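Understanding the architecture of this molecule
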Amino acid sequence: MNDVFSFKRFALSVKAYWIENKKRIILKFILIPIILMFLFLILNSWKPIKSYQYDFHDEFIFITFCGAFLCGNAIRFFNNYSTKREMTMFSLSIPTAPLERLLIAFCYVMIFIPLILISFFFIIDFIAIGIFNNLHQSDQIMFKLSDIPASDYIGFATIASVILFGSLFFKKYGGFISIILIIIFLLLQISITSLFLPREAVNLIEFGSFEIIERGTGNRISINGFMQYFNYLLLPLCWILSYMKLREKEA
Amino acid sequence: MIKIEKLKFGYSKDRLLFDNLDLSLSGGCIYGLLGRNGTGKTSLLKVIMGMCFPKSGVCKVFGLPSEKRLPSMLCEMMFVPEEIFTPSLRIAEYESSYAGFYPRFDHKLFKTLLKEFELNEADKLKSLSLGERKKALLAFAMAANTKILIMDEPTNGLDIPSKSQFRQMIASLAMENRCIIVSTHQAQDIEKLIDSVIILDNGDILIQSDMEQIVRKLAFQISPEKPSGALYSEEKMGGVYSVSKNDDEGACGEFHLDLLFNATMANKTAMKELFNHKKS
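Residues numbered from 1 in each chain as written. Chains lettered and ligands numbered in written order. Predicted model: local features only at pLDDT ≥ 70, side-chain atom pairs only at ≥ 80, totals over all residues. Heavy atoms only, no water.

1. Overview of the overall build of chain B
Here is the rule we go by: Secondary structure elements are defined from DSSP: runs of H or I of at least 4 residues count as helices, runs of E of at least 2 residues count as strands, and each element is numbered from the N terminus. Each radius of gyration is computed over the set of C-alpha atoms, and the globule rule expresses the reference value as 2.2 Å times the number of residues to the power 0.38. In this description, contact between two residues means that some pair of their heavy atoms is separated by no more than 4.5 Å. The method behind every accessible area is Shrake-Rupley, applied with a 1.4 Å probe, and residues are considered shielded solely by the protein chains displayed. Only four residue types enter the charge count: Lys and Arg as positive, Asp and Glu as negative, with His and the chain ends excluded. Note on charges: their place is set at NZ of Lys, CZ of Arg, CG of Asp or CD of Glu.
If you tally the helices and strands in chain B, you get 10 helices and 13 strands. Here chain B has a C-alpha radius of gyration of 20 Å; the compact-globule value for 280 residues is 19 Å, and the two agree. For chain B, the spread of C-alpha atoms along the three principal axes comes to 60 × 45 × 35 Å. Nonlocal contacts in chain B, meaning residues at least 24 apart in sequence, comprise 68% of its contacts between residues at least 6 apart. For chain B, the exposed surface amounts to about 12,100 Å²; the carbon and sulfur share of it is 47%. Computing the positive centroid from 36 side-chain charges and the negative centroid from 36, chain B places the two 7 Å apart.

Take a look at the structure:
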């Protein structure tokens, strides 16, 4: 028997995960489009908008709702390992390898849920644009699939990876502690950047990417070099650490 | 099947629960693990299951360190803890989710056991009482046909008929290559069931012996008065129940597990010497 990875055990784990969570997953499929539609309608009818504002709303919804949803899924995934001892004991007694457990987490949190979420996002976006164009005949918007940058997704994937690792690392409330640590980490980055660069303001535009408004000229300079790459490095690092933590997890 | 050598284990660095513990458990035996509350029974079981890691020493299961928790090892081990967790599933869904992980899972036996415990496959685990949930998990554990079956306080929460059913089922599961460990503080529940007794105290093993050896070395008596030289005695309905050294080494009296336990707790050193346990 291969103790590192077996497709049979992986398939059994997927089946067990599906049987255990199918109601919750189906409920998500129903709620995601309803909430997205609601958000698009609320934001677009809040005040009369122009097409450029629509782009802003688009990204705002993606970052807030989709971001929160992806992080929420990451918090829940390894819940079994950090809430109650009996849950941890149950999870650890199932004959699966750490790599199989991790691969399920990866497929579910990083691929399946984002794919569903992004698909729904674009479908609802398409419908919302149709409604917007009907309401504002003079200011038509073209539907674009590329409105949401890939870096937004990578940013969320990195945050989700940190949360998954945190859920395994901390004994209780690991997901929430990880979110607080991420916020502190980003605030520190902004503070350090503010200290060393002449500026009027520093804005966080993406995960680890800053925009500096230069003093005097008012020029906007975006900094997405070292910090951003460093933050993205957290993604593979957290998965490696999660694998090690899963092997060492005690009940 | 299970070999523990020089095991040091504790939840904090300052206080070790086990200090150089040695234990060897083989197949074809039902072991009764006894001890007062907090003596480390559950911790020992968790070390065997690889859920807790030794500070030093080794715990080998099928010749491999238990902390590795290899799937090939875990698929031959089943653990029913005292505090159980059940996912929000129906019993049939639970079976369909987890039975596949155990290569010799007997679906027919599972159905029979459920029937005997008066449970229905369509029952939702979360809506069952603690005792019923425990019965469902015990049925699953027994049907898994693993080489090692570990149960921590399995009779807690079970009603009187279920306890009797549980004993019958465990007795029917005993096989040559299967090692069953039942940890309990309710000695009378497993008295007629076990082949071997392990008594733990303060992280140390006071007695590890099979029943044959126990009844050869100790005499269990019921007499009107306390016999002279008794290691331990207690007054009960029907006379004085006592445990004495059995000098002629022939089987003597009816074995009482709770009496043995109390006698051991009252005469730790003497009992340890009697059963010739190496560690002091």
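Let's pick the thread back up.
2. Focus: the nonpolar core
Heads up, the rule is: Here, the term nonpolar core denotes a set of buried Ala, Val, Leu, Ile, Met, Phe, Trp, Tyr and Cys residues that are joined through side-chain atoms within 4.5 Å. Each residue is placed in one exposure class: buried if its accessible area under a 1.4 Å probe, protein chains only, is under 20% of its type's maximum, exposed if it is over 50%, and partly exposed if it falls in between.
If you look at the biggest cluster of nonpolar residues, it comprises 88 residues, and the most contacted ones within it are A:Phe78, B:Ile2, B:Ile4, B:Leu25, B:Leu44, B:Ile48 and B:Ile181. By residue number, the principal contributor to this core is helix H4 (residues 98–135) of chain A, which donates 14 residues. If sequence neighbours within four positions are ignored, B:Leu44 has contacts with B:Ile4, B:Leu7, B:Phe18, B:Leu21, B:Leu23, B:Leu33 and B:Leu200. Core analysis: the next-biggest nonpolar cluster, separate from the first, contains 72 residues, B:Phe85, B:Ile170, B:Leu173 and B:Phe255 among them.

3. Side note on empty space enclosed by the protein
To find leftover empty space, one rolls a probe the size of a water molecule over the atoms. So the rule is basically this: A cavity here means a set of points on a 1 Å grid, drawn over the protein atoms and nothing else, where a 1.4 Å probe fits but cannot get out; a pocket is an open set with protein on both sides within 12 Å along at least five of seven lines, and a residue lines either one if it has an atom within 4 Å of a point. Grid points are joined across faces, edges and corners, and a volume is the space filled by probe spheres set on the points. Following the grouping adopted for this structure description, the nonpolar residues are Ala, Val, Leu, Ile, Met, Phe, Trp, Tyr, Cys and Pro, the charged ones are Asp, Glu, Lys and Arg, and the polar ones are all others, Gly among them.
Evaluated as defined, the whole model comprises two cavities of 30 Å³ or more. Taken as a whole, the largest cavity encloses approximately 200 Å³ of empty space. Lining the largest cavity are 19 residues, with A:Phe90, A:Ser93, B:Met78, B:Phe79 and B:Tyr94 sitting closest to its centre. Where the lining of the largest cavity is concerned, the elements lending two or more residues are helix H3 (85–93) of chain A together with strand S6 (77–80), helix H3 (91–98) and helix H5 (130–143) of chain B. Of all the elements, H3(A) adds the most residues to the lining of the largest cavity, at four residues. When grouped by side-chain class, the residues that make up the lining of the largest cavity number 16 nonpolar, one polar and two charged. In this model, the second largest cavity occupies a volume close to 30 Å³. Along its surface, the second largest cavity is lined by B:Ile91, B:Tyr94, B:Phe110, B:Leu125, B:Ala136, B:Leu137 and B:Phe140. Listing elements by their share of the lining of the second largest cavity, those giving two or more residues are H3 and H5 of chain B. It is H5(B) that contributes the most residues to the lining of the second largest cavity, three residues altogether.

4. Regarding the domain arrangement of chain B
All names here are of chain B. What counts, and what does not: Where a domain begins and ends is set by an automatic assignment or by a domain database. Throughout, buried area stands for the accessible area (probe radius 1.4 Å) lost by two parts on being put together, summed over both.
Under the domain assignment used here, chain B contains domain 1 (30–50 + 66–202) and domain 2 (211–274). Relative placement of domain 1 and domain 2: their C-alpha centres are 30 Å apart. Contacts between the two partners involve 14 residues from domain 1 and, on the opposite side, 12 residues from domain 2. Together domain 1 and domain 2 conceal approximately 1,100 Å² of surface at their shared face, both sides included; 69% is due to carbon and sulfur atoms.

5. Some points on the pattern of salt bridges
Applied cut-off: Just to be clear on terms, a salt bridge is a Lys or Arg side-chain nitrogen sitting within 4 Å of an Asp or Glu carboxyl oxygen.
Scanning all chains against the criterion turns up 14 salt bridges over all chains. Close ionic contact of A:Arg9 with A:Glu100 constitutes a salt bridge, the shortest N to O distance being 2.7 Å. Here A:Arg9, found in helix H1 (residues 7–46), pairs with A:Glu100, found in helix H4; they are 91 residues apart in sequence, far enough to count as distant. Each member of the pair, A:Arg9 together with A:Glu100, is buried. Residues participating in the shared-partner salt-bridge network are B:Glu95, B:Lys111 and B:Glu121.

6. Structural notes on a nonpolar patch on the surface
Put simply, the rule reads: Patch definition: residues above 30% relative accessible area lacking any salt bridge, with like charges linked at up to 9 Å and the nonpolar side chains Val, Leu, Ile, Met, Phe, Trp and Tyr linked at up to 5 Å.
Together, A:Trp18, A:Ile26, A:Leu27, A:Ile30, A:Leu31, A:Ile34 and A:Ile35 make up a nonpolar patch on the protein surface, roughly 630 Å² of accessible area in all. On the secondary structure map, A:Ile34 appears in helix H1.

7. Looking at the interface of chain A and chain B
In this complex, chain A contributes 27 residues to the contact, which on the side of chain B involves 27 residues. Of the roughly 2,600 Å² buried between chain A and chain B, counting both surfaces, carbon and sulfur atoms make up 63%. Ranking the residues of chain A by area buried against chain B places A:Met89, A:Phe90 and A:Pro95 at the top, with a combined share of 22%. Where chain A packs against chain B, one counts two salt bridges. With its nearest N and O atoms 3.8 Å apart, the salt bridge here joins A:Arg85 to B:Glu83.

8. Details of the state of the cysteines
Any covalent bond linking the sulfur atoms of two cysteines counts as a disulfide. Residue and element names in this part refer to chain A. Convention followed: Pairs of cysteine sulfur atoms within 2.5 Å are what we label disulfides.
Here the structure, examined in full by the defined rule, presents zero disulfides over all chains. In this structure Cys71 is a free cysteine whose sulfur lies 11 Å from that of Cys66, the closest cysteine sulfur available. On the basis of relative accessible area, Cys71 is assigned to the buried category, the value being 12%.

9. Things to note about the pairing of strand S12 (residues 232–236) of chain B
Residues and elements named next belong to chain B. Heads up, the rule is: Pairing between strands is defined by DSSP: at least two bridges between them are needed.
Bridge analysis of S12 against strand S13 (residues 239–245) gives five bridges, and the strand direction is antiparallel. The partner of Tyr232 across the bridge, within S13, is Val243. Counted along the chain from S12 to the antiparallel partner S13, the turn is two residues long, and its residue Gly238 has a positive phi close to 100 degrees.

10. What to know about the environment of A:Ala74
All names here are of chain A. For Ala74, the position within the fold is in helix H2 (residues 51–77). In this structure, the C-alpha to C-alpha distance between Ala74 and Phe120, residues 46 residues apart in sequence, is 19 Å. Once residues within four sequence positions are removed from consideration, Ala74 is found in contact with Val109, Ala160, Ile163, Leu164 and Ser167.

11. Looking at helix H6 (residues 160–173) of chain B
At 3.6 residues per turn, the α-helix brings residues three or four places apart onto the same side. Counted only if it meets this: Here a helix's expected span is defined as the number of its residues, less one, multiplied by 1.5 Å.
With 14 residues, H6(B) extends 20 Å from end C-alpha to end C-alpha; this agrees with the ideal 20 Å at 1.5 Å per step. Check the buried side of H6(B) and you find it contacts strand S3 (29–35), helix H4 (107–116), H5, strand S7 (148–152), strand S8 (179–184) and helix H7 (187–190) of chain B.

12. Re the sheet that holds strand S5 (residues 64–65) of chain B
Residue and element names in this part refer to chain B. Inclusion rule: Axis geometry follows a simple rule: fit a line to the C-alpha atoms, using only the stretch in contact for helices, then measure angles between N-to-C directions, giving values from 0 to 180 degrees.
What the four strands build is an open sheet, ordered S2-S1-S4-S5; its pairing is antiparallel. Looking at the sheet topology across the chains shown, the edges are occupied by strand S2 (18–25) and S5. In this structure, strand S1 (residues 2–9) lies alongside S2, joined through six bridges in antiparallel fashion. Residue pairing in the sheet places Lys8 in a bridge with Asp19 of S2. Here helix H1 (residues 41–49) sits on the sheet and contacts S1, S2 and strand S4 (56–61); the angle it forms with S1, its principal contact strand, is near 120 degrees.

13. As for the environment of A:Phe120
All names here are of chain A. With respect to the element layout, Phe120 can be found in helix H4. Along the chain, Phe120 and Phe29 lie 91 residues apart, while their C-alpha atoms are 8.8 Å from each other. Sequence-distant contacts of Phe120, that is, excluding residues within four places in its chain, are made with Phe29, Ile32, Pro33 and Leu36.

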